[in-house]
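What follows is the residue order along each chain.
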Amino acid sequence: VIAALYTPDTDVQSLATPVIRLFGLATLWKSLFVSIGAIFRGTGRTKFSSAVTSAAYWAISFPLFLFFGFVLNWGFFWMWVGICVGSLAVLPIYAHALYYMDFQVLIDEQRQRNA
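Residues numbered from 1 in each chain as written. Predicted model: local features only at pLDDT ≥ 70, side-chain atom pairs only at ≥ 80, totals over all residues. Heavy atoms only, no water.

Tell me about the nonpolar core, and name the residues and values.
In globular proteins that are soluble, nonpolar side chains generally tend to be buried together. If you look at the biggest cluster of nonpolar residues, it comprises 16 residues, and the most contacted ones within it are Trp29, Ile36, Phe40, Cys84, Val90 and Tyr94. Counting residues per element, the ones that place at least two in this core are helix H1 (10-42), helix H2 (46-71) and helix H3 (76-99). Residue contributions to this core peak at six residues, all from H1. Residues within four places of Cys84 in sequence aside, it is in contact with Leu22, Ala26 and Trp29. (Core = buried A, V, L, I, M, F, W, Y, C linked by side-chain atoms within 4.5 Å. Buried < 20%, exposed > 50% of the residue type's maximum accessible area, 1.4 Å probe, protein only. Helix = DSSP H or I, 4+ residues; strand = E, 2+ residues; numbered from the N terminus. Contact = heavy atoms within 4.5 Å.)

Lay out the side chain of Thr43 in plain terms, naming residues and giving numbers.
For Thr43, the position within the fold is in the loop between H1 and H2. Note on Thr43: relative accessible area 18%, which makes it buried. Of the polar contacts made by the side chain of Thr43, one reaches the backbone oxygen of Phe40; its length is 3.1 Å. Beyond its immediate sequence surroundings of up to four residues, Thr43 is in contact with Met101 and Leu106. (Polar contact = N/O pair within 3.5 Å; in protein donor to acceptor, adjacent residues only side chain to side chain.)

Hey, could you go over the packing of aromatic side chains for me, with residue numbers and the actual values?
Under the criterion given, the structure shown has 14 aromatic pairs. Centre to centre, the rings of Phe68 and Trp78 are 5.8 Å apart; their planes meet at 85°, and the pair counts as edge-to-face. Here Trp78 lies in helix H3 and Phe68 lies in helix H2, a separation of ten residues in the sequence. Both rings, one in Trp74 and one in Trp78, keep their centres 5.2 Å apart while their planes meet at 70°; by these two values the pair is edge-to-face. Owing to a relative accessible area of 35%, Trp78 belongs among the partly exposed residues under this scheme. A connected cluster of aromatic rings, assembled from ring pairs, spans Phe67, Phe68, Trp74, Phe77 and Trp78. (Phe/Tyr/Trp six-rings, centres within 6.5 Å; stacked < 30°, edge-to-face > 60°.)

Tell me about H1, and name the residues and values.
The end-to-end C-alpha distance of H1 is 45 Å, a good match for the 48 Å that 33 residues give at a rise of 1.5 Å each. At Thr27, H1 shows its maximal kink, close to 35°. Of the positions making up H1, those classed as buried are Gln13, Val19, Leu22, Ala26, Trp29, Phe33, Ile36, Gly37 and Phe40. Check the buried side of H1 and you find it contacts H2 and H3. The opening residue of H1 is Asp9, an N-cap whose side-chain oxygen sits 2.9 Å from the backbone nitrogen of Asp11. Following H1 by one or two positions, Gly44 has its phi on the positive side, about 85°. (Expected span 1.5 Å × (residues − 1). Bend = angle between axes of the 7 residues up to and from the residue.)

By themselves, these are just geometric observations and shouldn't be taken as functional.
So this is what it looks like as C-alpha cells:
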C-alpha cells in the first residue's frame, strides 16, 4: 500500500514492499541506537559514538551490502538487510558502554567545565 503512493509500477511496488517492512522492523533497534548515541554525544563522548558508528557501517554494513547484493546476488532486499545488520551490531556495544558509564564522573566533569 505504501509503495503504491509513490509509483503505479507493480514491479517496483513488489520490490519495495518487503524493504518497507524491513525498515519498519529496523526502526525498533535503530531508535535505541540513535537515543543511546545521543546520550554519548550529550555527555561529551562524541569520539566514541562516532568511532563505533563508523566502524559498524564501514566494517559490517557496507561489506554485507556488497556481499549479499553482488557476490551472492541475493537482490535488493538482502542488500538492505546488510545495512540493517550494521546498525543492529552497534546496539550491544552502545548498551555495554552505557551500562558501565560512571554518571557521577560525568557530573563532576561538567561542574568543572562550568565553574
